[in-house]
Amino acid sequence: MHLTRLLRTQQASLKHLIDYYAKYPPTGLTMKKIVEFAREGDAKQSYLFLRNELPVRLASMMKEMGHLPPRLLEMPSVKTVNGWYGTSLHELDSFRHAPTTNETVKKFTEVLQNIRKRHTTVIETVAQGYMEFSELGHAKEYEESQIQYFLNRFYLSRISIRLLIYQHTMCFGDEVPLHPTHLGFVDPSCLVEDIIKDAFENAQFLCEGYYLQAPPLELRRTNAINPDEPIAIAYVPSHLYHIMFELFKNSMRATIEHLESTKSSSVLPPVVVDVVKAKEDLTIRISDRGGGIPRSKADKIFRYMYSTAPRPVSLTDAQHSGPTPLAGFGYGLPISRLYARYFNGDLEIHSIDGHGTDAYIYLQAVEDHASEWLPICNRAAYEYYVSRKYQSDWTKRK
(Lines give C-alpha, C1' and ligand atoms only; values in the text may rest on other atoms or scores of the structure.)
Protein backbone atom coordinates (compact mmCIF):
# COMPACT_ATOMS: atom_id res chain seq x y z
CA MET A 1 0.00 0.00 0.00
CA HIS A 2 2.80 2.39 0.95
CA LEU A 3 4.67 1.57 -2.28
CA THR A 4 1.54 2.24 -4.33
CA ARG A 5 1.07 5.64 -2.72
CA LEU A 6 4.73 6.45 -3.32
CA LEU A 7 4.47 5.56 -7.02
CA ARG A 8 1.35 7.67 -7.39
CA THR A 9 3.09 10.60 -5.69
CA GLN A 10 6.07 10.29 -8.03
CA GLN A 11 3.81 10.09 -11.09
CA ALA A 12 1.86 13.16 -9.94
CA SER A 13 5.12 15.04 -9.37
CA LEU A 14 6.39 14.17 -12.85
CA LYS A 15 3.08 15.15 -14.47
CA HIS A 16 3.26 18.50 -12.68
CA LEU A 17 6.78 19.11 -14.01
CA ILE A 18 5.77 18.14 -17.56
CA ASP A 19 2.74 20.46 -17.49
CA TYR A 20 4.80 23.29 -16.00
CA TYR A 21 7.63 23.25 -18.55
CA ALA A 22 5.67 22.16 -21.63
CA LYS A 23 3.58 25.34 -21.56
CA TYR A 24 6.66 27.34 -22.56
CA PRO A 25 7.89 27.42 -26.19
CA PRO A 26 11.54 26.52 -26.85
CA THR A 27 13.99 29.36 -27.44
CA GLY A 28 15.51 28.74 -30.86
CA LEU A 29 19.09 29.79 -31.51
CA THR A 30 20.90 30.74 -34.68
CA MET A 31 24.28 29.41 -35.68
CA LYS A 32 25.60 32.96 -35.31
CA LYS A 33 24.46 33.15 -31.67
CA ILE A 34 25.91 29.73 -30.90
CA VAL A 35 29.30 30.65 -32.37
CA GLU A 36 29.36 34.07 -30.66
CA PHE A 37 28.46 32.61 -27.28
CA ALA A 38 31.12 29.91 -27.60
CA ARG A 39 33.66 32.70 -28.10
CA GLU A 40 32.41 35.27 -25.60
CA GLY A 41 30.01 33.58 -23.16
CA ASP A 42 30.79 32.02 -19.80
CA ALA A 43 29.72 28.92 -17.88
CA LYS A 44 27.30 30.73 -15.58
CA GLN A 45 25.43 32.33 -18.48
CA SER A 46 25.17 28.95 -20.16
CA TYR A 47 23.93 27.37 -16.93
CA LEU A 48 21.20 29.99 -16.46
CA PHE A 49 19.96 29.44 -20.01
CA LEU A 50 20.12 25.65 -20.06
CA ARG A 51 18.54 25.02 -16.65
CA ASN A 52 15.34 26.48 -18.11
CA GLU A 53 15.66 25.58 -21.80
CA LEU A 54 16.52 21.89 -21.53
CA PRO A 55 13.53 21.03 -19.28
CA VAL A 56 11.24 22.82 -21.75
CA ARG A 57 12.48 20.68 -24.65
CA LEU A 58 12.34 17.45 -22.64
CA ALA A 59 8.89 18.14 -21.18
CA SER A 60 7.42 19.09 -24.56
CA MET A 61 8.29 15.72 -26.01
CA MET A 62 7.05 13.85 -22.93
CA LYS A 63 3.76 15.76 -23.20
CA GLU A 64 3.40 14.78 -26.85
CA MET A 65 4.39 11.20 -26.14
CA GLY A 66 1.32 10.94 -23.93
CA HIS A 67 -0.89 11.40 -27.02
CA LEU A 68 0.53 8.36 -28.83
CA PRO A 69 -1.53 5.17 -29.22
CA PRO A 70 -1.92 3.57 -25.75
CA ARG A 71 -0.71 0.20 -27.09
CA LEU A 72 2.59 1.79 -28.14
CA LEU A 73 3.06 3.46 -24.76
CA GLU A 74 2.78 0.06 -23.10
CA MET A 75 5.73 -1.36 -25.04
CA PRO A 76 8.71 -2.08 -22.71
CA SER A 77 11.21 -0.09 -24.78
CA VAL A 78 8.94 2.97 -24.95
CA LYS A 79 8.47 2.80 -21.17
CA THR A 80 12.25 2.68 -20.80
CA VAL A 81 12.72 5.85 -22.84
CA ASN A 82 9.90 7.57 -20.96
CA GLY A 83 11.67 6.66 -17.74
CA TRP A 84 14.96 8.13 -18.97
CA TYR A 85 13.26 11.39 -19.88
CA GLY A 86 11.46 11.54 -16.55
CA THR A 87 14.67 11.00 -14.60
CA SER A 88 16.50 13.66 -16.63
CA LEU A 89 13.66 16.15 -16.18
CA HIS A 90 13.72 15.69 -12.41
CA GLU A 91 17.50 16.14 -12.33
CA LEU A 92 17.35 19.36 -14.33
CA ASP A 93 14.45 20.73 -12.30
CA SER A 94 16.52 20.35 -9.13
CA PHE A 95 18.56 23.34 -10.37
CA ARG A 96 15.52 25.60 -10.92
CA HIS A 97 16.17 27.71 -7.80
CA ALA A 98 19.79 26.74 -7.14
CA PRO A 99 22.28 29.58 -6.59
CA THR A 100 24.54 30.51 -9.47
CA THR A 101 27.85 29.51 -7.93
CA ASN A 102 30.88 27.83 -9.42
CA GLU A 103 30.09 24.68 -7.46
CA THR A 104 26.51 24.61 -8.78
CA VAL A 105 27.67 25.08 -12.36
CA LYS A 106 30.21 22.28 -11.96
CA LYS A 107 27.54 19.92 -10.60
CA PHE A 108 25.17 20.96 -13.40
CA THR A 109 27.82 20.16 -16.00
CA GLU A 110 28.29 16.69 -14.50
CA VAL A 111 24.53 16.13 -14.60
CA LEU A 112 24.48 17.08 -18.30
CA GLN A 113 27.20 14.54 -19.04
CA ASN A 114 25.21 11.85 -17.24
CA ILE A 115 22.02 12.78 -19.11
CA ARG A 116 23.81 12.52 -22.45
CA LYS A 117 25.16 9.08 -21.55
CA ARG A 118 21.73 7.96 -20.33
CA HIS A 119 20.12 8.99 -23.62
CA THR A 120 22.83 7.53 -25.88
CA THR A 121 20.64 4.73 -27.27
CA VAL A 122 17.33 6.61 -27.40
CA ILE A 123 16.99 6.26 -31.19
CA GLU A 124 17.60 2.51 -31.17
CA THR A 125 15.39 1.94 -28.12
CA VAL A 126 12.45 3.85 -29.56
CA ALA A 127 12.93 1.90 -32.80
CA GLN A 128 12.79 -1.29 -30.76
CA GLY A 129 9.55 -0.08 -29.17
CA TYR A 130 8.11 0.56 -32.62
CA MET A 131 9.08 -2.99 -33.62
CA GLU A 132 7.41 -4.39 -30.49
CA PHE A 133 4.27 -2.43 -31.35
CA SER A 134 4.32 -3.61 -34.98
CA GLU A 135 4.56 -7.23 -33.89
CA LEU A 136 1.14 -6.91 -32.22
CA GLY A 137 -0.48 -6.43 -35.61
CA HIS A 138 -1.00 -3.76 -38.24
CA ALA A 139 -1.47 -0.26 -36.86
CA LYS A 140 -4.53 1.70 -37.85
CA GLU A 141 -3.94 4.43 -40.42
CA TYR A 142 -4.43 7.25 -37.94
CA GLU A 143 -2.08 5.53 -35.44
CA GLU A 144 0.64 5.22 -38.05
CA SER A 145 0.26 8.89 -38.97
CA GLN A 146 0.50 9.91 -35.32
CA ILE A 147 3.64 7.84 -34.81
CA GLN A 148 5.42 9.18 -37.91
CA TYR A 149 4.48 12.75 -36.93
CA PHE A 150 5.74 12.23 -33.38
CA LEU A 151 9.02 10.55 -34.35
CA ASN A 152 10.04 13.46 -36.59
CA ARG A 153 9.39 15.93 -33.78
CA PHE A 154 10.90 13.72 -31.07
CA TYR A 155 14.15 13.01 -32.89
CA LEU A 156 14.55 16.61 -34.01
CA SER A 157 14.16 17.70 -30.39
CA ARG A 158 16.74 15.11 -29.38
CA ILE A 159 19.22 16.48 -31.92
CA SER A 160 18.77 19.96 -30.46
CA ILE A 161 19.12 18.80 -26.85
CA ARG A 162 22.34 16.92 -27.58
CA LEU A 163 23.83 19.93 -29.34
CA LEU A 164 23.06 22.22 -26.37
CA ILE A 165 24.55 19.71 -23.95
CA TYR A 166 27.67 19.20 -26.04
CA GLN A 167 28.15 22.96 -26.43
CA HIS A 168 28.11 23.43 -22.67
CA THR A 169 30.27 20.44 -21.71
CA MET A 170 32.86 21.13 -24.40
CA CYS A 171 33.04 24.89 -23.96
CA PHE A 172 32.81 25.03 -20.17
CA GLY A 173 33.49 21.49 -18.94
CA ASP A 174 36.36 19.05 -19.05
CA GLU A 175 35.51 17.60 -22.46
CA VAL A 176 37.77 18.64 -25.32
CA PRO A 177 36.39 19.54 -28.77
CA LEU A 178 37.14 17.06 -31.53
CA HIS A 179 39.40 19.57 -33.29
CA PRO A 180 41.36 22.59 -31.98
CA THR A 181 39.52 24.96 -34.33
CA HIS A 182 36.07 23.82 -33.18
CA LEU A 183 34.01 25.93 -30.83
CA GLY A 184 32.47 23.19 -28.76
CA PHE A 185 30.54 20.90 -31.10
CA VAL A 186 30.50 23.50 -33.90
CA ASP A 187 33.14 24.29 -36.51
CA PRO A 188 32.96 28.00 -37.42
CA SER A 189 34.72 27.22 -40.69
CA CYS A 190 33.63 23.70 -41.60
CA LEU A 191 35.41 22.57 -44.78
CA VAL A 192 32.59 20.87 -46.61
CA GLU A 193 34.71 18.99 -49.14
CA ASP A 194 36.82 17.41 -46.39
CA ILE A 195 33.68 16.08 -44.67
CA ILE A 196 32.38 14.73 -47.99
CA LYS A 197 35.64 12.92 -48.75
CA ASP A 198 35.84 11.47 -45.24
CA ALA A 199 32.26 10.18 -45.40
CA PHE A 200 32.82 8.72 -48.87
CA GLU A 201 36.02 6.90 -47.89
CA ASN A 202 34.37 5.30 -44.88
CA ALA A 203 31.28 4.29 -46.87
CA GLN A 204 33.58 2.95 -49.59
CA PHE A 205 35.46 0.85 -47.04
CA LEU A 206 32.21 -0.77 -45.87
CA CYS A 207 31.04 -1.26 -49.44
CA GLU A 208 34.25 -3.01 -50.49
CA GLY A 209 34.07 -5.22 -47.43
CA TYR A 210 30.58 -6.41 -48.42
CA TYR A 211 30.60 -6.32 -52.23
CA LEU A 212 34.38 -6.50 -52.84
CA GLN A 213 34.11 -3.33 -54.94
CA ALA A 214 32.81 0.22 -54.71
CA PRO A 215 32.07 3.01 -57.19
CA PRO A 216 34.54 5.91 -57.37
CA LEU A 217 33.82 9.49 -56.34
CA GLU A 218 33.66 12.42 -58.76
CA LEU A 219 33.65 15.63 -56.73
CA ARG A 220 32.98 19.00 -58.36
CA ARG A 221 33.11 22.34 -56.59
CA THR A 222 31.62 25.74 -57.42
CA ASN A 223 32.20 28.64 -55.06
CA ALA A 224 30.06 31.42 -56.52
CA ILE A 225 31.23 33.90 -53.87
CA ASN A 226 35.00 33.35 -53.84
CA PRO A 227 35.90 30.97 -56.71
CA ASP A 228 39.47 30.39 -55.58
CA GLU A 229 38.64 29.57 -51.95
CA PRO A 230 37.53 26.22 -50.49
CA ILE A 231 33.88 26.00 -49.52
CA ALA A 232 33.33 26.49 -45.80
CA ILE A 233 30.41 27.39 -43.53
CA ALA A 234 29.72 27.44 -39.81
CA TYR A 235 28.17 24.05 -39.14
CA VAL A 236 28.18 20.92 -37.00
CA PRO A 237 30.66 18.56 -38.76
CA SER A 238 29.15 15.39 -37.30
CA HIS A 239 25.70 16.32 -38.64
CA LEU A 240 26.99 16.83 -42.18
CA TYR A 241 29.04 13.64 -41.95
CA HIS A 242 25.98 11.65 -40.87
CA ILE A 243 23.96 12.91 -43.84
CA MET A 244 26.69 12.28 -46.40
CA PHE A 245 27.65 8.85 -45.04
CA GLU A 246 24.04 7.64 -45.15
CA LEU A 247 23.49 8.91 -48.69
CA PHE A 248 26.78 7.45 -49.92
CA LYS A 249 25.92 4.03 -48.48
CA ASN A 250 22.60 4.09 -50.31
CA SER A 251 24.15 5.24 -53.59
CA MET A 252 26.94 2.66 -53.53
CA ARG A 253 24.61 -0.20 -52.72
CA ALA A 254 22.16 0.83 -55.43
CA THR A 255 24.90 1.31 -58.03
CA ILE A 256 26.45 -2.13 -57.50
CA GLU A 257 23.17 -4.04 -57.25
CA HIS A 258 21.76 -2.31 -60.33
CA LEU A 259 24.88 -3.12 -62.34
CA GLU A 260 24.75 -6.76 -61.23
CA SER A 261 21.05 -7.07 -62.09
CA THR A 262 21.35 -5.50 -65.56
CA LYS A 263 24.83 -6.82 -66.47
CA SER A 264 25.06 -3.79 -68.75
CA SER A 265 28.71 -3.06 -67.97
CA SER A 266 31.61 -4.29 -65.88
CA VAL A 267 32.65 -0.75 -64.95
CA LEU A 268 30.95 0.92 -61.99
CA PRO A 269 29.80 4.45 -62.80
CA PRO A 270 30.99 7.06 -60.30
CA VAL A 271 28.94 8.72 -57.61
CA VAL A 272 29.00 12.35 -58.69
CA VAL A 273 28.89 15.08 -56.05
CA ASP A 274 28.40 18.76 -56.85
CA VAL A 275 29.06 21.28 -54.07
CA VAL A 276 27.87 24.82 -54.76
CA LYS A 277 28.08 27.77 -52.39
CA ALA A 278 26.10 30.86 -53.28
CA LYS A 279 25.25 34.01 -51.36
CA GLU A 280 22.50 32.39 -49.28
CA ASP A 281 22.58 28.63 -49.86
CA LEU A 282 25.09 25.84 -49.86
CA THR A 283 23.80 22.98 -52.01
CA ILE A 284 25.19 19.48 -52.30
CA ARG A 285 23.89 17.17 -55.00
CA ILE A 286 24.72 13.46 -54.97
CA SER A 287 23.98 11.72 -58.28
CA ASP A 288 24.19 7.99 -58.84
CA ARG A 289 23.36 5.49 -61.61
CA GLY A 290 21.78 3.00 -59.26
CA GLY A 291 18.58 2.33 -61.15
CA GLY A 292 16.45 4.87 -59.36
CA ILE A 293 13.39 4.46 -57.16
CA PRO A 294 9.95 3.64 -58.57
CA ARG A 295 7.24 6.16 -57.81
CA SER A 296 5.32 3.52 -55.88
CA LYS A 297 8.10 3.56 -53.27
CA ALA A 298 9.24 7.18 -53.49
CA ASP A 299 6.77 8.43 -50.89
CA LYS A 300 7.93 5.77 -48.39
CA ILE A 301 11.66 6.44 -48.24
CA PHE A 302 11.33 9.02 -45.46
CA ARG A 303 9.07 6.84 -43.34
CA TYR A 304 10.51 5.24 -40.23
CA MET A 305 10.69 1.45 -40.36
CA TYR A 306 10.74 1.42 -44.18
CA SER A 307 13.92 -0.19 -45.48
CA THR A 308 15.02 -2.61 -48.17
CA ALA A 309 17.90 -3.81 -45.96
CA PRO A 310 17.52 -6.89 -43.72
CA ARG A 311 15.88 -6.17 -40.36
CA PRO A 312 18.54 -6.04 -37.61
CA VAL A 313 18.56 -8.25 -34.54
CA SER A 314 16.25 -7.21 -31.72
CA LEU A 315 17.64 -5.20 -28.85
CA THR A 316 16.12 -7.76 -26.51
CA ASP A 317 17.87 -10.70 -28.16
CA ALA A 318 20.03 -12.41 -25.57
CA GLN A 319 22.49 -13.39 -28.31
CA HIS A 320 23.10 -9.77 -29.23
CA SER A 321 25.83 -7.60 -27.78
CA GLY A 322 27.08 -4.17 -28.72
CA PRO A 323 25.22 -1.33 -30.40
CA THR A 324 22.33 -2.14 -32.71
CA PRO A 325 22.89 -0.97 -36.31
CA LEU A 326 20.44 1.56 -37.72
CA ALA A 327 20.55 -0.09 -41.14
CA GLY A 328 17.39 -2.10 -41.50
CA PHE A 329 15.41 -0.01 -39.04
CA GLY A 330 14.60 2.38 -41.87
CA TYR A 331 15.92 5.33 -39.87
CA GLY A 332 18.84 6.43 -42.06
CA LEU A 333 17.06 8.80 -44.47
CA PRO A 334 14.47 10.21 -42.03
CA ILE A 335 17.13 11.06 -39.44
CA SER A 336 19.43 12.50 -42.13
CA ARG A 337 16.65 14.81 -43.28
CA LEU A 338 16.15 15.98 -39.69
CA TYR A 339 19.86 16.80 -39.41
CA ALA A 340 19.59 18.85 -42.60
CA ARG A 341 16.41 20.62 -41.47
CA TYR A 342 17.64 21.33 -37.95
CA PHE A 343 19.43 24.53 -38.99
CA ASN A 344 16.81 25.54 -41.55
CA GLY A 345 18.11 23.39 -44.39
CA ASP A 346 16.53 20.40 -46.12
CA LEU A 347 17.13 17.07 -47.83
CA GLU A 348 15.23 16.08 -50.98
CA ILE A 349 15.38 12.93 -53.10
CA HIS A 350 14.56 13.01 -56.82
CA SER A 351 14.73 9.81 -58.82
CA ILE A 352 14.32 8.42 -62.33
CA ASP A 353 13.15 4.83 -62.21
CA GLY A 354 15.49 2.66 -64.25
CA HIS A 355 18.29 5.22 -64.29
CA GLY A 356 19.41 6.77 -61.01
CA THR A 357 18.79 9.09 -58.09
CA ASP A 358 19.75 12.64 -57.16
CA ALA A 359 19.86 13.65 -53.51
CA TYR A 360 19.91 17.38 -52.72
CA ILE A 361 21.18 18.69 -49.39
CA TYR A 362 20.39 22.34 -48.77
CA LEU A 363 22.23 24.19 -45.98
CA GLN A 364 22.23 27.82 -44.93
CA ALA A 365 25.42 29.62 -45.98
CA VAL A 366 24.66 32.63 -43.74
CA GLU A 367 25.11 32.09 -39.98
CA ASP A 368 22.23 34.40 -39.08
CA HIS A 369 19.84 32.46 -41.36
CA ALA A 370 20.81 29.08 -39.92
CA SER A 371 18.24 29.02 -37.11
CA GLU A 372 17.08 26.03 -35.10
CA TRP A 373 13.93 24.43 -36.48
CA LEU A 374 12.17 23.14 -33.38
CA PRO A 375 8.84 21.48 -32.60
CA ILE A 376 6.44 23.49 -30.43
CA CYS A 377 4.06 21.67 -28.11
CA ASN A 378 0.94 23.75 -28.79
CA ARG A 379 -2.72 23.31 -29.67
CA ALA A 380 -1.95 22.65 -33.34
CA ALA A 381 0.21 19.68 -32.36
CA TYR A 382 -2.46 18.43 -29.93
CA GLU A 383 -5.15 18.59 -32.60
CA TYR A 384 -3.00 16.51 -34.93
CA TYR A 385 -2.81 13.73 -32.35
CA VAL A 386 -6.51 13.71 -31.45
CA SER A 387 -7.72 13.90 -35.05
CA ARG A 388 -8.36 10.56 -36.72
CA LYS A 389 -9.37 11.87 -40.15
CA TYR A 390 -6.47 10.77 -42.30
CA GLN A 391 -8.37 9.13 -45.12
CA SER A 392 -7.73 10.45 -48.63
CA ASP A 393 -10.11 12.95 -50.20
CA TRP A 394 -9.13 11.87 -53.73
CA THR A 395 -10.45 8.95 -55.72
CA LYS A 396 -8.06 6.51 -57.35
CA ARG A 397 -8.17 5.73 -61.04
CA LYS A 398 -8.90 2.09 -61.73
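Residues numbered from 1 in each chain as written. Predicted model: local features only at pLDDT ≥ 70, side-chain atom pairs only at ≥ 80, totals over all residues. Heavy atoms only, no water.

Draft legend 1. Just the pairing of strand E5 (residues 281-288), in detail. Within E5, 6 of the 8 residues are buried, which leaves it mostly tucked inside the rest of the structure. Relative to strand E7 (residues 356-364), E5 runs antiparallel, the two being bridged by 8 bridges. By the bridge assignment for E7, Ser-287 is matched with Asp-358. (Buried < 20%, exposed > 50% of the residue type's maximum accessible area, 1.4 Å probe, protein only. Helix = DSSP H or I, 4+ residues; strand = E, 2+ residues; numbered from the N terminus. Pairing = 2+ DSSP bridges.)

Draft legend 2. Layout of unusual backbone geometry. Phi is positive for Leu-212, close to 70°, though the residue is something other than glycine. Along the chain, the position of Leu-212 falls in the loop between helix H9 (192-211) and strand E2 (217-223). The phi angle at Asn-344 is positive, at roughly 65°, despite the residue not being glycine. Take Asn-344: it is sitting in the loop between helix H12 (332-342) and strand E6 (346-352).

Draft legend 3. Representation of the layout of surface pockets. Taken as a whole, the second largest pocket encloses approximately 340 Å³ of empty space. Along the walls of the second largest pocket sit Gln-11, Leu-14, Lys-15, Ile-18, Asp-19, Met-62, Lys-63, Met-65, Gly-66, Leu-73 and Asn-82, which together make up its complete lining. Those elements that provide at least two residues to the lining of the second largest pocket are helix H1 (2-22) and helix H3 (43-65). No other element matches H1, which puts 5 residues into the lining of the second largest pocket. When the residues that make up the lining of the second largest pocket are grouped by side-chain class, the tally is 5 nonpolar, 3 polar and 3 charged. (1 Å grid on protein atoms, 1.4 Å probe; cavity = no way out; pocket = protein on both sides within 12 Å on 5 of 7 lines; lining within 4 Å. Points joined across faces, edges and corners; volume = space filled by probe spheres on them. Nonpolar A, V, L, I, M, F, W, Y, C, P; charged D, E, K, R; others polar.)

Draft legend 4. Examining the environment of Ala-232 more closely. Counting through the fold element by element, Ala-232 comes out in strand E3 (residues 232-235). For Ala-232, a relative accessible area of 16% puts it in the buried group. Separated by 50 residues in sequence, Ala-232 and Leu-282 place their C-alpha atoms 9.2 Å apart.

Draft legend 5. Region of the structure containing the pattern of salt bridges. Applying the stated criterion across every chain yields a total of 19 salt bridges. A salt bridge links Arg-220 to Asp-274, with the shortest nitrogen-to-oxygen separation between them at 2.7 Å. Within this pair, whereas Arg-220 is found in strand E2, its partner Asp-274 is found in strand E4 (residues 271-277), the two being separated by 54 residues in sequence. Asp-274 sits in the buried class, given a relative accessible area of 13%. When salt bridges that share partners are traced, they join Glu-218, Arg-220, Asp-274 and Arg-285 into one network. (Salt bridge = Lys/Arg side-chain N within 4 Å of Asp/Glu carboxyl O.)

Draft legend 6. Seen up close, the packing of H9 against helix H10 (residues 237-262). Interhelical geometry of H9 versus H10 gives an angle of 40° and a closest axis separation of 8 Å. As judged from the angle between their axes, H9 and H10 are oblique. Note on packing geometry: the crossing formed by H9 with H10 is right-handed. Here Val-192, Ile-195, Ile-196, Asp-198, Ala-199, Phe-200, Asn-202, Ala-203, Gln-204, Leu-206, Cys-207 and Tyr-211 of H9 come into contact with H10, specifically with Pro-237, Leu-240, Tyr-241, Met-244, Phe-245, Phe-248, Lys-249, Met-252, Arg-253, Ile-256 and Glu-257. (Axes fitted to C-alpha atoms, helices over the stretch in contact; angles between N-to-C directions. Parallel < 35°, antiparallel > 145°, perpendicular 65-115°, else oblique. Left-handed = near helix turned anticlockwise from the far one by under 90°. Contact = heavy atoms within 4.5 Å.)

Draft legend 7. View of the packing of helix H6 (residues 102-118) against helix H8 (residues 141-172). With their axes 10 Å apart at the nearest point, H6 and H8 run at an angle of 140° to one another. Comparing their axes, H8 and H6 come out oblique. Considering how the two elements wind past one another, H6 and H8 form a crossing that is left-handed. Residues Phe-108, Thr-109, Leu-112, Gln-113, Ile-115 and Arg-116 of H6 form the contact with H8, whose own contacting residues are Arg-162, Ile-165, Tyr-166, His-168 and Thr-169. Of the residues that constitute the contact of H6 with H8, the class distribution is 5 nonpolar, 4 polar and 2 charged.

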